[in-house]
There are 4 protein chains.
Amino acid sequence: MSITQEQADAVLAAGRRAAETLGVPMNIAVLDAGVHLKAFARMDGALLGSIDIALGKARTSALFGMATEAIGEFSKPGGTSPGLEQTNGGLVVFAGGLPLRAADGTLLGAVGVSGGAVAQDLQVATAAAAGMAAS
Amino acid sequence: MSITQEQADAVLAAGRRAAETLGVPMNIAVLDAGVHLKAFARMDGALLGSIDIALGKARTSALFGMATEAIGEFSKPGGTSPGLEQTNGGLVVFAGGLPLRAADGTLLGAVGVSGGAVAQDLQVATAAAAGMAAS
Amino acid sequence: MSITQEQADAVLAAGRRAAETLGVPMNIAVLDAGVHLKAFARMDGALLGSIDIALGKARTSALFGMATEAIGEFSKPGGTSPGLEQTNGGLVVFAGGLPLRAADGTLLGAVGVSGGAVAQDLQVATAAAAGMAAS
Amino acid sequence: MSITQEQADAVLAAGRRAAETLGVPMNIAVLDAGVHLKAFARMDGALLGSIDIALGKARTSALFGMATEAIGEFSKPGGTSPGLEQTNGGLVVFAGGLPLRAADGTLLGAVGVSGGAVAQDLQVATAAAAGMAAS
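Definitions and cut-offs
- Residues numbered from 1 in each chain as written.
- Chains lettered and ligands numbered in written order.
- Predicted model: local features only at pLDDT ≥ 70, side-chain atom pairs only at ≥ 80, totals over all residues.
- Heavy atoms only, no water.
- Helix = DSSP H or I, 4+ residues; strand = E, 2+ residues; numbered from the N terminus.
- Rg over C-alpha atoms; globule rule 2.2 N^0.38 Å.
- Buried < 20%, exposed > 50% of the residue type's maximum accessible area, 1.4 Å probe, protein only.
- Contact = heavy atoms within 4.5 Å.
- Areas by Shrake-Rupley, 256 points an atom, 1.4 Å probe, with all protein chains shown as cover.
- 1 Å grid on protein atoms, 1.4 Å probe; cavity = no way out; pocket = protein on both sides within 12 Å on 5 of 7 lines; lining within 4 Å.
- Points joined across faces, edges and corners; volume = space filled by probe spheres on them.
- Nonpolar A, V, L, I, M, F, W, Y, C, P; charged D, E, K, R; others polar.
- Pairing = 2+ DSSP bridges.
- Axes fitted to C-alpha atoms, helices over the stretch in contact; angles between N-to-C directions.
- Buried area = accessible area lost by both parts, 1.4 Å probe.
- Salt bridge = Lys/Arg side-chain N within 4 Å of Asp/Glu carboxyl O.
- Polar contact = N/O pair within 3.5 Å; in protein donor to acceptor, adjacent residues only side chain to side chain.
- Least-squares fit on C-alpha atoms with pLDDT ≥ 70 in both.
- Parallel < 35°, antiparallel > 145°, perpendicular 65-115°, else oblique.
- Left-handed = near helix turned anticlockwise from the far one by under 90°.

(A) Spotlight on the overall build of chain A. A count of helical and extended segments in chain A gives four helices and four strands. When its helices and strands are written in sequence order, chain A yields α-β-β-α-α-β-β-α. Here the C-alpha atoms of chain A give a radius of gyration of 14 Å, agreeing with the 14 Å that 2.2 N^0.38 yields for 135 residues. Expressed along its principal axes, the backbone C-alpha trace of chain A runs to roughly 40 × 35 × 20 Å. By residue count, 54% of the 135 residues in chain A fall in the buried class. Look at the contacts in chain A between residues 6 or more apart in sequence, and 63% of them connect residues 24 or more apart. Surface exposure of chain A reaches about 5200 Å², of which carbon and sulfur atoms provide 58%.

(B) View of empty space enclosed by the protein. A full pass over the atoms with the stated rule returns four cavities of 30 Å³ or more. Within this model, the largest cavity holds a volume of roughly 50 Å³. Lining of the largest cavity is provided by Glu85, Leu91, Val92, Val93 and Phe94 of chain A together with Pro82, Gly83, Gln86 and Thr87 of chain C. Classifying every residue of the lining of the largest cavity by side-chain character gives five nonpolar, three polar and one charged. Considering only enclosed or pocket space, the second largest cavity measures out at about 40 Å³ in volume.

(C) Fine view of the sheet that holds strand E2 (residues 37-42) of chain B. With antiparallel pairing, the eight strands of this open sheet are ordered in space as E3(A)-E4(A)-E1(A)-E2(A)-E2(B)-E1(B)-E4(B)-E3(B). Of all strands in the sheet, those bounded by a partner on one side alone are strand E3 (97-101) of chain A together with strand E3 (97-101) of chain B. For this sheet the average axis-to-axis angle between neighbouring strands, irrespective of direction, equals 20°. Where strand E1 (residues 27-32) of chain B meets E2 of chain B, five bridges bridge the pair, whose relative direction is antiparallel. When the bridges of E2 of chain B are listed, Ala29 of chain B appears paired with Phe40 of chain B. Against the sheet, helix H4 (residues 118-134) of chain B touches E1, E3 and strand E4 (107-114) of chain B, its axis set at about 145° to E4 of chain B.

(D) Spatial organisation of the interface of chain C and chain A. On the side of chain A, eleven residues touch chain C, which itself brings 13 residues to the contact. Across the interface of chain C and chain A, roughly 890 Å² is buried in total on both sides, 66% from carbon and sulfur atoms. For the interface between chain C and chain A, the tally reads zero salt bridges. Across the contact surface, chain C and chain A share three residue pairs in polar contact (both at pLDDT 80 or more). Per-class residue counts for the side of chain C that touches chain A are six nonpolar, seven polar and no charged.

(E) Representation of the relation of the copies chain A and chain B. Under the fitted operation, chain A is carried onto chain B by 0.0 Å of movement along the axis and a turn of 180°, and the coordinates agree to an RMSD of 0.0 Å. In symmetry terms, the pair is related by a two-fold rotation axis. In terms of proximity to the rotation axis, the leading residue of chain A is Phe40 of chain A, whose C-alpha is 2.4 Å off the axis. Both copies share a contact surface, since 100% of the interface residues of chain A are interface residues in chain B too.

(F) Representation of the relation of the copies chain C and chain A. Turning chain C through 87° and shifting it by 0.4 Å along the axis lays it on chain A, with an RMSD of 0.0 Å. When the rotation and shift are considered jointly, the pair of chain copies conforms to a four-fold rotation axis. Residues of chain C ranked by C-alpha distance from the rotation axis are headed by Gln86 of chain C, positioned 6.6 Å from it. When you check the interface residues of chain C against chain A, a mere 8% turn up at the interface there too, and the two sides of the contact use different surfaces.

(G) Layout of the pairing of E1 of chain B. Residues and elements named next belong to chain B. By the criterion of burial, E1 is predominantly enclosed, with six of the six residues buried. On E1, burial covers both faces: Asn27, Ala29 and Leu31 on one face and Ile28, Val30 and Asp32 on the other are all buried. From the end of E1 to the start of E2, which pair antiparallel, there are four residues, and Val35 there has a positive phi angle of about 70°. Taken together, the six bridges between E1 and E4 define a ladder with antiparallel strand orientation. If you follow Ile28 over to E4, its bridge partner there is Val113.

(H) Representation of the side chain of Thr68 of chain D in the model. Residue and element names in this part refer to chain D. Considering the arrangement of structural elements, one finds Thr68 in helix H3 (residues 68-75). Residue Thr68 is classed as buried on the basis of its relative accessible area of 0%. Leaving out residues up to four positions away in the same chain, Thr68 has contacts with Lys57, Thr60, Ser61, Val92, Val93, Phe94, Ala95, Gly96 and Gly97.

(I) Examining the pattern of salt bridges more closely. Applying the stated criterion across every chain, the model contains 20 salt bridges over all chains. Asp32 of chain B is the partner of Arg42 of chain A in a salt bridge, and the nearest nitrogen-oxygen pair spans 2.8 Å. Of this pair, Arg42 of chain A sits in strand E2 (residues 37-42) while Asp32 of chain B sits in strand E1, which puts the two residues in different chains. By relative accessible area, Arg42 of chain A is classed as buried at 6%. Across the pair Glu73 of chain C and Lys76 of chain C runs a salt bridge, and its minimum N-O distance is 2.8 Å.

(J) Representation of the packing of helix H1 (residues 5-22) of chain A against helix H4 (residues 118-134) of chain A within the structure. All names here are of chain A. Following both chains from N to C, one finds H1 and H4 inclined at 140°, their axes separated by 7 Å at the closest point. When the interaxial angle is binned, H1 and H4 end up oblique. For the crossing formed where H1 meets H4, the hand is right-handed. Here Gln7, Ala10, Val11, Ala14, Gly15, Ala18, Ala19 and Leu22 of H1 lie close against H4, whose contacting residues are Gln120, Gln123, Val124, Ala127, Ala128, Gly131 and Met132. Class assignment of the residues belonging to the contact of H1 with H4 gives a composition of ten nonpolar, five polar and no charged.

Structure, rendered in structure tokens:
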């Protein structure tokens, strides 16, 4: 089971609404449970350097089924897994990537958001993920 | 001047409608005039191997402002530019990538479609590009 | 809107004059707003290892519309975005890359300078950017 | 002995004049005898996909001290060196790259031109190389 086109549309739409409310144009990437690109939107004016970061956050979150900053906890100095962020061709380990799960907890994919301050990215990713649940 | 979010939405929507009419799920990628990802949709059931092809077709078309198969003419045996398809980190030189232009001819970006037979990919790309013009 | 050939010429000329005044030969790279190479000059005697650094500084600055050392603030230990410098295929996050903006603030591209001490690189990049504004 | 900044300036200036006469905006790359980037200019409107090709032609020509199409002769079907174009990380083996030599024949570097039809690229590269000799 993986995310559907309709669910991905809902994730992007909810993320875009949240970014418009914040007034910060974002890059929003949706990957499926197999860690393949499902949907993407770059809002007008969003930073070009954030495309790769949005994709990387979604990839990191889909690979491990966790929020990206949780991976950062494992890999930080003194953490259990130094260098973890260098595996898988490089992970993005700050906030803005979240797993997308079915009501029963099954991992369906992940969303990654980049374009603002890290706290803003997380806020938009949270709204985007909630948009899928509500769809 | 480059493609807007609203124009990219129109390209994806028109491409998805055309693919549904054909009954073939497609990957559709939209890049801007600077050859950066603007929008992407993978329809349910579209081949995973076609994600990279759709992106590559859009990239090839945006880099040269031409249909992908026109690049193929230059690089084919006996063409003027043998090995052209190996430049720029590798190009995709069969049909399914089309430039997106403003009414005055300015290059705004490109669309790349992959998932069906090449003729079907081109048909969907043509519909997607027309969708922008009509938006 | 992106940097013109005439503006890029002015950036290189001003940068070269500043480097000559310092007596330090520099590599100077100019990228456009789409993060593509627009102009480049390696002064006689400039370090070969600095070619890639000048290009990387310009790329980093164009991707985020910021001075390179500002990106370094985000990615340093204790910053908001650990590992940011590993995204986008690797960023250069010390001084010497500056965004180039139109009078109205529009991002036109970026300049990257390398060849001397970091403070010298920044001094030449600042002069180069000012040369465009004065042109 | 390698190309100087002054000689590279002369190559770019002569190439740009020839391209303006043709009315075709070009990418022009100059590499030194050590196959490192010395100078580059992208004229306004030149194709983005031709940046990599201009650099590749200059690289190919500097690596072997020959015109790019001469390398193509060795690597073409029936030639002495099939697959030669795959060495060195990939060569560009159609016309538009020329060696730059001192009056005594010493290799100083190479110029690569891309942006028009292959015959136009060669015409501009020839003018660019002649510009150095006349400087």
